[in-house]
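Close look at the chain arrangement
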Amino acid sequence: MITKSNHKPNKGFSFGLWESHGAAIVTSFCLLFIVLAYLARINDYTFVEIILFLFAYIVGGYQKAVEGISTLFKEKDLDVDLLMVIAAIGAAAIGYWMDGAILIFIFSLSGTLEGYTMERTNKDIRSILDLRPEKAVLLRNGKQVEVKAEELKKGDTILIKPGERIAADGIITQGYSAIYQATITGESVPVDKTVNDEVFSGTVNGYGGIEVKVTKQAEETMLSKIIHLVQEAKNEKPPNQLFVEKFESIYAKIVVITAIILMIAPPFIIHWSWKETIYRAMIFLVVASPCALVSSIMPAILSAISNASRKRVLFKGGAHLENIAGVKAVIFDKTGTLTYGEPVVQDIISFENYSEMELLKTTASIEALSEHPIAKSIVQHALNKNIELEHSINLRSFKGMGVQGTLNGISYKVGKRDMLNNIVLTKEQEDLALKLEQQGRTIIFVSNGHNLIGMVSIFDQVRLEARRVIEELKNMNIRVALLTGDNERTAKNIGESTGIEEIYSGLLPEDKVDFIKKMTAKYGKVAMVGDGVNDAPALAAASVGIAMGAAGTDIAIETADVILMADDIERIPFAISLGKRTNRIIKQNVIFAIGVALTLITLNFIGGIINLPEGVIGHEGSTVLVILSGLRLLR
Ligand code: AMP
């Protein structure tokens, strides 16, 4: 395979600025020797001229020659570097010292430029690394001890003074403050936090001193995860890049064989002189090398990924950019995705001989052990009313349905209507439930196994931007659908307030997966947007899984391909457009790269009208142009 060291996409973080500066110095010296050699030539100092050219060759080409030879012997691969050096030496051998030197200079120059441009795409990503706090103040037996952030363990208590960066994910145990979370969520307005609130590593403490109990080891923190994801994204090659690389290895062999034929055949067939033949073969070697083609994809992908990450959209790899560009339908989960995912208890309606307070106490005591957001909101509501919860036993959770538990010898069921089994509602109860559901509320039914003892209505506010986002997607000719485990009427109400017509309600997690599969069969690529544990299988089944980063559960974030760090669904149309732009630029690049190569090959052989420096400028120029074109995606 032909590889060109600076084009190697997965150099990642190693291509430092000093490396670019070093390359720039080498290139300048190469140019200096060429100029001096030229001066020697016009003054007829032939010997000095050759010596100076030799210097230019060695200074500009040494590194490339070493790299090329090591690739040849170690990886048994042909390397563009080596081809260029051979072409330059070939040119010198037939007396074209100047042409060969210019080849080396321009090749070195374009390598330097590429280095600087790749450096730019890496900068954004490195800026995330810089956010990692290095030190923390640990509270040990009431004393403050300074330790390294990575030494913190779960259960440690750390002190964060005003203005300091928080060194670990944890829970506030003392104090209150405003926390700037822009690093994690992109939200620039600080969030007020106090005892029992969660704080994240890398975020900045505002005015108050707080004590935080560490809940996650350094490598498990949200920030580490983000950094890890971005690093992974840089190293994962998308399918079109892999294709180009495969194509390239065949192509390289063809170029070499053709060059050899071109070095031998023309004198016999079209009566070129040997000098002319070798010169043309050298030009061919240069212009037919696939540098531009190789550089068509990765710089574009990396630029798009860093652009997205600046807007708090994390792509886990280049392949997802390609996929999201082709998405025909976007499917939203309801809770936490289209809504804020912070359900609030609205009405408490008790039946039989339960009072409202008794009903709330019973329901909250059963829900106390459930992790579901609805359960948490009911418990919170009870605590707000100073209700003391009782200890329930035999808790059983029915995924996507509700929970069951025993309290004072009675087995209660709490959840959606299906949990009632064959309990029949009175006409009055039916009407009331219908009315509340039409207002977009979710009703939690509570039964003692024989009778309905109450209903708790829950409301989860629809995100303010939801309607606008749906409209934007529709304008992009993308179908939009809503999936939810909630009941039909509540779902319809949400559909109406957001403008989604395609609504599928009452779904269990496995139904969601089936549904995604059906949609994929029908429309082609589909994206699923979700946040919960329940959504993870659907996120995995979709062509592109998009997870809510801040509100999302760890499993959703891990399963998804794209993460909206700030939970802003507004970035979905942006991500799709970015994917489309990336694909378009890659396509343009590939066509341009192949076009330039074909033109130069034709001009060289049919026309015989370009010289080596022109061939090199055309070839390297097109390489630099496709890289610059890819960098447009940074904007
Ligand atoms: P999910 O798919 O998790 O959103 O759940 C779908 C529906 O099941 C919810 O809208 C509730 O009606 C019900 N549900 C699930 N878990 C619970 C719970 N712990 N308490 C009450 N209702 C629940």
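Please read all numbers here as calculations on a predicted model, not as lab measurements.

Let's shift gears to the pattern of salt bridges. For the structure on display, the rule yields 14 salt bridges. For E276, the salt bridge is made with R280, and the minimal N-O distance between the two is 3.2 Å. A residue pair is termed a helical-turn pair when its members lie 3 or 4 positions apart in one helix, as E276 and R280 do in helix 9 (residues 274-287) at 4 residues. E276 gets classed as partly exposed once you look at its relative accessible area, which sits at 29%. For K474, the salt bridge is made with E501, and the minimal N-O distance between the two is 3.1 Å. Taken together, the residues span a long stretch of sequence, with K474 in helix 17 (residues 466-475) and E501 in the loop between helix 18 (488-498) and strand 19 (502-504) at a distance of 27 residues. Looking at K474, the relative accessible area reads 32%, which means it is partly exposed.

On to the site of the ligand, then. Around the ligand, a shell composed of 15 residues is seen, among which E367, H372, G400, M401 and N534 lie nearest. Within the side chain of H372, an N or O atom sits 2.7 Å from an oxygen atom of the ligand. One of the backbone N or O atoms of M401 is found 3.2 Å from a nitrogen atom in the ligand. Protein coverage of the free-state accessible area of the ligand, which is 480 Å², stands at 93%. Secondary structure elements with two or more residues in the shell around the ligand: strand 14 (402-407) and strand 16 (442-447).

Before going further, it helps to examine the environment of T335. Here T335 is to be found in helix 13 (residues 334-338). Distance from T335 to V462, taken between C-alpha atoms, is 8.8 Å for residues 127 residues apart in sequence. With near-sequence residues (within four places) excluded, T335 lies in contact with G341, D460 and D531.

A word on the confidence of the model for the chain. Taken residue by residue, the chain gives an average pLDDT of 86. The fraction at 70 or more is 91%. Mean pLDDT values over the elements of the chain span from 65, in helix 6 (residues 222-235), up to 97, in helix 17. The model gives residues 1-15 a pLDDT under 50, and that stretch makes 61 contacts with residues more than four places away or in other chains.

Strands sit in the order 12-17-16-15-14-13 across an open sheet of 6 strands; the sheet is antiparallel. At either end of the open sheet lies a strand with only one pairing partner, and these are strand 12 (344-350) and strand 13 (393-398). Taken over all neighbouring pairs, the strand axes of this sheet differ in orientation by 15 degrees on average, direction set aside. Summarising the sheet, strand 15 (residues 410-415) and strand 16 pair through 3 bridges and their orientation is antiparallel. Pairing of K413 across the sheet is with S447, part of strand 16.

Here we come to the UniProt feature "transmembrane region" (unreviewed entry) in the chain. Mapped onto the present numbering, the UniProt feature "transmembrane region" (unreviewed entry) falls at residues 20-39, 46-62, 82-110, 250-272, 278-302 and 590-610. Regarding residues 250-272, the helix share stands at 83% and the strand share at 0%, and the terminal C-alpha atoms are separated by 29 Å. Taken as a whole, residues 278-302 contains 76% helix and 0% strand, while its terminal C-alpha atoms sit 39 Å from one another.

Basis of the calculations
Residues numbered from 1 in each chain as written. Predicted model: local features only at pLDDT ≥ 70, side-chain atom pairs only at ≥ 80, totals over all residues. Heavy atoms only, no water. Salt bridge = Lys/Arg side-chain N within 4 Å of Asp/Glu carboxyl O. Helix = DSSP H or I, 4+ residues; strand = E, 2+ residues; numbered from the N terminus. Buried < 20%, exposed > 50% of the residue type's maximum accessible area, 1.4 Å probe, protein only. Near = heavy atom within 4 Å. Polar contact = N/O pair within 3.5 Å; in protein donor to acceptor, adjacent residues only side chain to side chain. Areas by Shrake-Rupley, 256 points an atom, 1.4 Å probe, with all protein chains shown as cover. Contact = heavy atoms within 4.5 Å. pLDDT = per-residue confidence, 0-100. Pairing = 2+ DSSP bridges. Axes fitted to C-alpha atoms, helices over the stretch in contact; angles between N-to-C directions. UniProt positions renumbered as here; feature names shortened; annotations may be inferred.

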